[in-house]
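Spelled out from the first residue to the last, the chains are:
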Amino acid sequence: MAQAMRPNTAGGLFATDGKSHPLQHTLLAVTLVLGITAFVSAMFHNLHLLSSWTGLVGILTGAYGQWVSETTRERFGLILGLGAAAVGFFLGMAHGGLFGGVIN
């Protein structure tokens with residue numbers, strides 16, 4: 001029962017191994033912001049350029065973040081951001097795509 005009395009010494013919210021991961025946390029934050037932006041802007045038909053580009057960049061950022069992530073908490077947040085970015089990307093592609101309306 002001694003382990004029940006030990007304080008949680010994890011380094012932060014996302015570092016379960018007690019180490020700092022600045023690159024992984026930055027990729028996580030960028031992926032979440034891009035995913036939310038892509039998802040929300042995909043709900044508006046005329047914002048297909050924003051949703052498709054932010055979704056594409058969010059997918060690429062999240063994929064690289066998954067590749068270099070070290071903890072489960074980082075991977076969980078990246079999956080949420082990746083999912084939102086993918087939905088935003090695909091809806092943006094359905095509404096007009098990456099260059100729809102710009103190149104005729």
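Cut-off values and rules
- Residues numbered from 1 in each chain as written.
- Predicted model: local features only at pLDDT ≥ 70, side-chain atom pairs only at ≥ 80, totals over all residues.
- Heavy atoms only, no water.
- Phe/Tyr/Trp six-rings, centres within 6.5 Å; stacked < 30°, edge-to-face > 60°.
- Helix = DSSP H or I, 4+ residues; strand = E, 2+ residues; numbered from the N terminus.
- Buried < 20%, exposed > 50% of the residue type's maximum accessible area, 1.4 Å probe, protein only.
- Expected span 1.5 Å × (residues − 1).
- Axes fitted to C-alpha atoms, helices over the stretch in contact; angles between N-to-C directions.
- Parallel < 35°, antiparallel > 145°, perpendicular 65-115°, else oblique.
- Left-handed = near helix turned anticlockwise from the far one by under 90°.
- Contact = heavy atoms within 4.5 Å.
- Nonpolar A, V, L, I, M, F, W, Y, C, P; charged D, E, K, R; others polar.
- Patch = residues over 30% accessible without salt bridge, like charges linked within 9 Å, V, L, I, M, F, W, Y side chains within 5 Å.
- Areas by Shrake-Rupley, 256 points an atom, 1.4 Å probe, with all protein chains shown as cover.
- Salt bridge = Lys/Arg side-chain N within 4 Å of Asp/Glu carboxyl O.

Enquirer: What is the right way to look at the packing of aromatic side chains in this model?
Expert: Aromatic ring pairs are defined here through the distance separating the ring centres and the angle between the ring planes. Scanning all chains against the criterion turns up three aromatic pairs. Measuring from ring centre to ring centre gives 5.6 Å for Trp-53 and Phe-99, while their planes differ by 75 degrees; the resulting arrangement is edge-to-face. Within this pair, whereas Trp-53 is found in helix α2 (residues 48–68), its partner Phe-99 is found in the segment after α3 (72–95), the two being separated by 46 residues in sequence. We classify Trp-53 as partly exposed; its relative accessible area is 36%. Given the relative accessible area of 47%, Phe-99 is considered partly exposed.

Enquirer: Got a minute to help me understand α3 in this structure?
Expert: Every α-helix winds through 3.6 residues per turn, so residues three or four apart in the chain are directed the same way. For α3, spanning 24 residues, the distance from its first C-alpha to its last is 34 Å, which sits close to the expected 34 Å at 1.5 Å a residue. Of the residues making up α3, those classed as buried are Glu-74, Gly-77, Leu-78, Gly-81, Leu-82, Ala-84, Ala-85, Ala-86, Gly-88, Phe-89 and Gly-92. In the stretch just after α3, Gly-97 is the one whose phi turns positive, near 85 degrees.

Enquirer: Just to check I follow, could you spell out the packing of α2 against α3 for this structure?
Expert: When two helices pack together, their arrangement is captured by the angle between the axes and the distance separating the axes. With their axes 7 Å apart at the nearest point, α2 and α3 run at an angle of 150 degrees to one another. The angle between α2 and α3 places the two elements in the roughly antiparallel class. Like other packed secondary-structure pairs, α2 and α3 cross with a definite hand, here left-handed. Every residue of α3 that contacts α2 at His-48, Ser-51, Ser-52, Gly-55, Leu-56, Gly-58, Ile-59, Gly-62, Ala-63, Gly-65 and Gln-66 is listed here: Arg-75, Leu-78, Ile-79, Leu-82, Ala-85, Ala-86, Gly-88, Phe-89, Gly-92, Met-93 and His-95. Split into classes, the residues belonging to the contact of α2 with α3 amount to ten nonpolar, eleven polar and one charged.

Enquirer: What exactly am I supposed to notice about the environment of Ala-38 here?
Expert: Structurally, Ala-38 is set in helix α1 (residues 22–41). Sequence-wise, Ala-38 and Phe-90 are 52 residues apart; in three dimensions their C-alpha atoms are separated by 9.6 Å. With residues near it in sequence (within four places) discarded, Ala-38 still touches Ser-51, Thr-54, Gly-55, Ala-84, Ala-85 and Gly-88.

Enquirer: Would you mind going over a nonpolar patch on the surface with me for this structure?
Expert: A contiguous nonpolar surface patch, about 760 Å² in accessible area, is contributed by Ile-36, Phe-39, Val-40, Met-43, Phe-44, Leu-47, Leu-50, Val-87 and Leu-91. Put simply, the parts of the chain that give the nonpolar patch at least two residues each are α1 and α3. By residue number, the principal contributor to the nonpolar patch is α1, which donates three residues. Summarising the element assignment, Leu-47 is placed in the loop between α1 and α2.

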